[in-house]
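Each chain is listed here by its residues.
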Amino acid sequence: MSVISTLLAFAFKRRRAMHAALLLLLAAMLLLALFEGSYSNDLSQVFPADSISGSMFRSMQDASLTQTVQLEIDTGAADGVSAADKELAAFGERLQGLRNVRSVFYRVPHVSDNVMEEIIGTLPFCANADCLAKADVKLAVKTARKMLAMPGVPLSILRSDPFGLRMRQLSQLETFRRLGGYSGGMDGTGFIADAEKRRVLFLLEADFDGKQPNAALIAPLFMSIENLAKETLPPTAAVTINSPLTHNLENEQTVRHDIFHVSLVSIVALVLLFVVFYRNAWGALWIPFLPLAAAVITAGIFAFIFNNICLFVIGICGGIAGLAVDQGIHVFAAFSGRNPLRRLRSIAVPLSCSALSSAVVFLLVCGSGIGAYIQLGLFAALTLVFNLLLSFFVLPTLISHGRPPRRIFSFEPSGGKATAIVVVWVVFIAASLCCIPLLKKDFSLNALDGISKETALAEKEFQNRWVPEEKAGVPVIISSYDRDTLLRTCEHLPSHLHMREEEMFHPAMLMPSDDRMKENLASWRSETAQQRLATLKTELSKECAAAGLPPNLFGKFFGIIDNSLQSNKFEPPEYAKAILGYLLHDTSAIAFIPKLTEADVHKDLNYILPDIEKFSKAFGLAILSPELFKAATVRDVTPRLKRISVMLLIALVIFLIQYRDIRKIIIIIIPGLTAMLGLSLMSALCGVSLNLATAFGVIMLTGLVLDYGIFALHRTQSDVDAGTGDAMVLSALTTVVTCGALLASKHPVLFHTGFVLSFGILFTALTALFVVPSLLRMRCRIGKAALLLLLAASLTGCMSMRPQRYAKREISQEMSKAETEEFKAAFFKPRTSLYTLETSFLHYDFKTLMVVKTKSDSLQAIGTASNGVTLFNIVVENGKETKRMFSSMIPEVAQKRLFGTFGEDLWCIFMDEGASTCKYGGNPLRLTEKKGRNTRQKRWQAVYYDWRQDAAVFGRIRFRNFSTMTTFTLTPAN
Amino acid sequence: MLFAVTCFTAYSQPADEQAGINPAILKKATAIEADFTQVRHFSELDYDMTVKGHMSLKPGKELVWRTDSPMKTVCTMTPKGLTLWDAETKKTNTVSAKGNLWLATIFGIQDKLLAGDLKALEKQFIIEWKGKTTILLFPKEEILAGMFKSIQITFNDGMDAVSGIVFTEKSGDTIGISFTNVRN
């Protein structure tokens, strides 16, 4: 304390010098932030660098897919496209001249009259000569005779391809048409028109000179498009713009609109605070300036450290810095009464503890490993620390000692009052606990998208008109540094994605890579292929003559092949050029695969994409499936959130240990814990889902709520009245009012952050101001018991796993029984299966391979390490372990602790008995969840995901033993 | 554009083969009946190939096209698809019109051409009169334009029946069909 007194005395003594130095520092940091800092709105920084979702997002960016615009012109009448032909053409031409438009695709290129012959001409480049092996001369002549027997059927197509070799390319094009969802008619109008020829599509690629598109760039582009449409198109025509840029625009506009209103509310609140509470004390005006100064200093440091600073991080941190006014409020309250320096010294410890604990929490956010969040955590932590220093040492030197602020809070609970408050609090906690299982989760990025309902609906309708969801496939974006690498990657897509080539379409089917092309040409020029061609030619002539057909009927085919072999340069046909122009760019390509099933999403996420990520540095790959992206985001973010939460708990424990007394620790954590539980109640009542914004909001809240606990403790201990109660009320009021204003915002990120912070701080403040004194009044015993109960209940409640959800089905009892029996016969049948077993205990995970052999009354499991060494061999008969062998590679403590009941656990998972409840769902019915008896020693839960009917296995089984606190995740390894 | 390319898939698609179906369907066809001579001229090879036979059409429902020389076959086209019976192999090939734009188009125009339904043809072709009894049809739709340059229909003097049709392919090959013994 003497150090603080010395420093405070020094600050007062050298106040002028200190103010001057501070001003100089601020000016320097401001200049540094303004002129040295590089800021961007690059959303890719929101994703972890080594994550699947991040890689997918960056691939989309590389492919400029985030800057494409689809313009739909509705002429208002069927066949209206033909009528408006000239106007549409003029619109297209002028569109190309607009600023920030790189290219426009709207004219369907004319297909050459000889397209069928051109396809044959591509064969030596696009296909291996092996295809000649199946050429059947007799079948070719037979087909020709059949076609001759038909009325007016042209034969030229058959003449140029007697063996149906074109079929492969045509099938590929058919696959492209199907997977690309091109259900509209492209023929007849010259435009990309729908089947009714009522609507046409213009595909634009925007270019903002390498800048990240923001509202200032996007809005004028959209405006100029709409104006051009008004000038050029008939008055009946309606324009619909569908683009990812709309999301950028609306998100930015919504955020600006919301921030303006929130700022307005905040200013009004602060003015009221100044007038009502501080009684026009001018010194109080310094309170909001200090966090601003702290933020400027941090921004200057950031400009020096980071090459690229996220703009939205600065925005969010501005808000966090706003919350740091609490420190100023506490200092002002302490410094305004009698014995100001003594009062100020008395709050030094709680103030430092609260600021530093918040800073530590924000620093923990850096543990997410996500670029934007590292900046966020660091920025907030530094700002809080600088604000603490400024508030404690500089603010007192700026304010003159005047009238003390108005007293607004005084609460000394009587016995009856205290009991009533504690009862209400316990009921509140119980209700909140009951709401935890009702919480909804939505970790998709859509949950953070601030577009309006109207835009979302318009996008859905647009999608249904042009790419019917049920038919279309999924685009796959491949990005790389040159075209040839792209094409080579496309050729390897089937093996990368574990699919048959026939199921997908990729640009290399129309234009192979250089290597593949050379290989194909060499195969056609080989002696064997040349001999085969010569034989086919002779045999065809003979067969034709015998059938009464011209002997040289199929001469055209051989002529085309010869011409191609003589030319070394591959010139794709016009149709191929048109498709390639759309699908193949300098550094990106688009392929199509069939729509993903639930099992596909699981397979891609767990095996395919991680493999690609691991082994390829030469290309990026993004499968544009919303389901996959959502699952990838959850998969990427969940372990990071888990890591942060564990680190947070450890930090809290370390931080709280210093208080040594369990009573003090309970007082500090009660407000925060109540807030967290209260949030689950509010979320369930308001239908608010747990998403990325709420998750990070809760982490921020953890940093803020500790302050209230620390000051609540300070109030109970300190013999100096430093106005802490008033300061807590004011801090809470400013935070609740400011964050509460966010509840009116339309943007989901702001709304959810506001929801968490306003309700969280409200519950924290109410608990710190009323519940803590009431519990203390009751001599803590009941409080301790209540808290321990609360901790136990919340811990066990949070540990349950959520089973896979399926749509409810109305089926008869007989059908339900039949489906259940069918499932049981398939899943519980005796067999031997290979699984990957992932064992998790707290934050420690490890994987092994495990063979499980099940019979009607026994089960054997043998686990091996990746090098083949047997790790365990367990036999269970009728639910009891009869053999148990563990390798010395598994420590004894793990054998006893993690695998103590492993045999019984496996029995619960694989055998059709031993569970107190079994739940079935899906179509047809399959097992979704099994639970053990609900006692502490016997409590377990098994959750079954992604049933694969064909193989009669689950894609994933998770088993949790609540007694050993161990979780086993089993995935089929073959 | 893509349709124009993909619609031709049918040419190379293997047809379902069903052995032993007897084509007795010809007896039922009564609306328009005629004998025909179909001459295919391969311009590149300067070679003509003649097919003779008998046809029967129920407009909008069914076209039965029987060839007697040089091969014996019966081709039945309906809006649902095509059936081809080959006397040599005694086998029937079927191709469904479902999802097969080419087949649907071919049946559609043959039906209208043979029935001389000018009103219906006007939707798909630009029609030019060549003399009093002959018209030239130029395809409007890309799928037809991909197959034929033009189609010429000649009516008899009474203008109550089609006496001949000449299809000119993009390659320059022609298919000339002349009808005799026309019975409406």
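Residues numbered from 1 in each chain as written. Chains lettered and ligands numbered in written order. Predicted model: local features only at pLDDT ≥ 70, side-chain atom pairs only at ≥ 80, totals over all residues. Heavy atoms only, no water.

Regarding the overall build of chain B
No. 1: Across its full length, chain B carries 5 helices and 12 strands.
No. 2: Scored against the burial criterion, the 184 residues of chain B give a buried share of 49%.
No. 3: Long-range contacts, defined as pairs at least 24 residues apart, comprise 40% of the intrachain contacts of chain B with a sequence gap of at least 6.
No. 4: Accessible surface for chain B amounts to roughly 8400 Å². Of this, 52% is attributable to carbon and sulfur atoms. (Helix = DSSP H or I, 4+ residues; strand = E, 2+ residues; numbered from the N terminus. Buried < 20%, exposed > 50% of the residue type's maximum accessible area, 1.4 Å probe, protein only. Contact = heavy atoms within 4.5 Å. Areas by Shrake-Rupley, 256 points an atom, 1.4 Å probe, with all protein chains shown as cover.)

What to know about helix α16 (residues 348-365) of chain A
No. 1: With 18 residues, α16 of chain A extends 26 Å from end C-alpha to end C-alpha; this agrees with the ideal 26 Å at 1.5 Å per step.
No. 2: Among the 18 residues in α16 of chain A, 13 count as buried, and that is most of the element. (Expected span 1.5 Å × (residues − 1).)

Things to note about the side chain of S243 of chain A
Residue and element names in this part refer to chain A.
No. 1: Here S243 shows up in the loop between β6 (238-242) and α11 (244-277).
No. 2: A distance of 2.9 Å separates a polar side-chain atom of S243 from the backbone nitrogen of L245.
No. 3: If sequence neighbours within four positions are ignored, S243 has contacts with T68, V69, F222 and E459. (Polar contact = N/O pair within 3.5 Å; in protein donor to acceptor, adjacent residues only side chain to side chain.)

Describing the pattern of salt bridges
Residue and element names in this part refer to chain A.
No. 1: The full count for this structure, using the stated rule, is 20 salt bridges over all chains.
No. 2: A salt bridge links R500 to E502; the shortest N-O distance between them is 3.6 Å.
No. 3: One salt bridge in this structure joins R500 and E503, with 3.9 Å as the shortest N-O distance.
No. 4: Under the relative-accessibility criterion, E503 is labelled partly exposed at 30%.
No. 5: When salt bridges with common partners are traced through the structure, they connect D74, D194, R198 and R199 into a single cluster. (Salt bridge = Lys/Arg side-chain N within 4 Å of Asp/Glu carboxyl O.)

Things to note about a nonpolar patch on the surface
Residue and element names in this part refer to chain A.
No. 1: A cluster of nonpolar side chains, namely I267, V268, V271, L272, V275 and V276, defines an oily patch on the protein surface of about 520 Å² accessible area.
No. 2: Here V268 shows up in helix α11.
No. 3: Exposure remark for V268: the relative accessible area of 48% places this residue in the partly exposed category. (Patch = residues over 30% accessible without salt bridge, like charges linked within 9 Å, V, L, I, M, F, W, Y side chains within 5 Å.)

So, the confidence of the model for chain A
No. 1: This prediction gives chain A a mean pLDDT of 81; 88% of its residues lie at or above 70.
No. 2: Note that residues 184-188 of chain A has pLDDT below 50 and, in this model, 20 contacts with residues that lie over four places away or in other chains. (pLDDT = per-residue confidence, 0-100.)

Description of the nonpolar core
No. 1: Counting residues in hydrophobic clusters, the biggest one holds 125 residues, and the most contacted among them are F163 and I623 of chain A together with F179 of chain B.
No. 2: At 7 residues, helix α6 (residues 115-126) of chain A tops the list of elements feeding residues into this core.
No. 3: Contact partners of I623 of chain A, with chain neighbours within four places excluded, come to M56, V474, P475, V476, L497, I593, L596, D604, L609 and L628 of chain A.
No. 4: Listed in part, the 84 residues of the second largest apolar core include A334, F409, M682 and F755 of chain A. (Core = buried A, V, L, I, M, F, W, Y, C linked by side-chain atoms within 4.5 Å.)

Observations concerning unusual backbone geometry
It is generally the case that most residues other than glycine have a negative phi and that most peptide bonds are trans.
No. 1: In the segment running from N923 of chain A into P924 of chain A, the intervening peptide bond is cis, with an omega of -5 degrees.
No. 2: For the bond running from S69 of chain B to P70 of chain B, omega is 0 degrees, close enough to zero to count as cis.
No. 3: Take P70 of chain B: it is sitting in the loop between β4 (62-69) and β5 (73-78).
No. 4: The phi dihedral of N100 of chain A falls on the positive side, at around 70 degrees, and the residue is not glycine.
No. 5: Along the chain, N100 of chain A falls in the loop between α5 (85-96) and β3 (101-105).
No. 6: The backbone of K90 of chain B shows a phi angle near 60 degrees, a positive value even though the residue is not glycine.

Overview of the packing of helix α30 (residues 724-741) of chain A against helix α31 (residues 748-777) of chain A
All names here are of chain A.
No. 1: The geometry of α30 relative to α31 is characterised by a closest axis approach of 8 Å and an angle of 160 degrees between their N-to-C directions. The pairing of α30 with α31 is recorded here as roughly antiparallel in orientation. Relative to α31, α30 is oriented so that their crossing is left-handed. Across the interface between the two elements, G725, M728, V729, A732, T735, V736, C739 and G740 of α30 pack against G754, L757, S758, I761, L762, A765, A768 and L769 of α31.
No. 2: Broken down by class, the residue content of the contact of α30 with α31 amounts to 11 nonpolar, 5 polar and no charged. (Axes fitted to C-alpha atoms, helices over the stretch in contact; angles between N-to-C directions. Parallel < 35°, antiparallel > 145°, perpendicular 65-115°, else oblique. Left-handed = near helix turned anticlockwise from the far one by under 90°. Nonpolar A, V, L, I, M, F, W, Y, C, P; charged D, E, K, R; others polar.)

Observations concerning the packing of aromatic side chains
No. 1: Inspection of every chain in the model, using the stated rule, returns 39 aromatic pairs over all chains.
No. 2: Sitting over the face of the ring of Y945 of chain A, R956 of chain A holds its NZ or CZ atom 4.1 Å from the ring centroid. (Phe/Tyr/Trp six-rings, centres within 6.5 Å; stacked < 30°, edge-to-face > 60°. Lys NZ or Arg CZ within 6 Å of the ring centre and 35° of its normal.)

Focus: the environment of L144 of chain B
No. 1: When you line up the elements, L144 of chain B lands in helix α5 (residues 142-145).
No. 2: In contact with L144 of chain B, other than residues within four places in its own chain, are T105, I109, Q124, F125 and P139 of chain B.

Examining the sheet that holds strand β10 (residues 619-623) of chain A
Sheets are built from strands paired through backbone hydrogen bonds, the pairs being either parallel or antiparallel.
Residue and element names in this part refer to chain A.
No. 1: Reading across from one edge, β9-β8-β10 is the order of the 3 strands in this open sheet, with antiparallel pairing throughout. Strands with a single pairing partner mark the edges of an open sheet, and in this sheet they are β9 (588-593) and β10. Each neighbouring strand pair of the sheet contributes to a mean axis angle of 20 degrees, computed without reference to strand direction.
No. 2: Where strand β8 (residues 474-480) and β10 come together, 5 bridges link them in antiparallel fashion. When the sheet's bridge partners are listed, S479 is paired in β10 with G620.
No. 3: Across the sheet, helix α20 (residues 483-491) touches β8, β9 and β10, and the angle it forms with β8 is around 140 degrees. (Pairing = 2+ DSSP bridges.)

Let's talk about the side chain of T848 of chain A
Residue and element names in this part refer to chain A.
No. 1: Its place among the elements puts T848 in strand β12 (residues 844-854).
No. 2: With a relative accessible area of 8%, T848 lands in the buried category.
No. 3: In this structure, T848 is in contact with Y835, T836, L837, T864 and L871, ignoring residues within four places of it in sequence.

A word on the pairing of strand β9 (residues 134-139) of chain B
Residue and element names in this part refer to chain B.
No. 1: Taking burial as the measure, the 6 residues of β9 include 5 buried ones, the bulk of the element.
No. 2: Where strand β8 (residues 125-130) and β9 come together, 6 bridges link them in antiparallel fashion. Within the sheet, the bridge partner assigned to F125 lies in β9 and is P139.
No. 3: Linking two consecutive strands that pair antiparallel, namely β8 and β9, is a turn of 3 residues; a positive phi of about 80 degrees is found at G131 within it.
No. 4: For β9 and strand β10 (residues 148-155), the ladder comprises 4 bridges, and the chain directions are antiparallel. Within the sheet, the bridge partner assigned to L137 lies in β10 and is I151.

Brief notes about the packing of helix α12 (residues 286-305) of chain A against helix α14 (residues 325-335) of chain A
Residue and element names in this part refer to chain A.
No. 1: It is the contact of α12 with α14, at a shortest axis distance of 8 Å, that shows an interaxial angle of 140 degrees. It follows that α12 is oblique to α14 by the angle criterion. Note that α12 runs across α14; the crossing there is right-handed. Touching I287, P288 and P291 of α12 are V325, G328, I329 and F332, all from α14.
No. 2: The residue makeup of the contact of α12 with α14, split by class, is 6 nonpolar, 1 polar and no charged.

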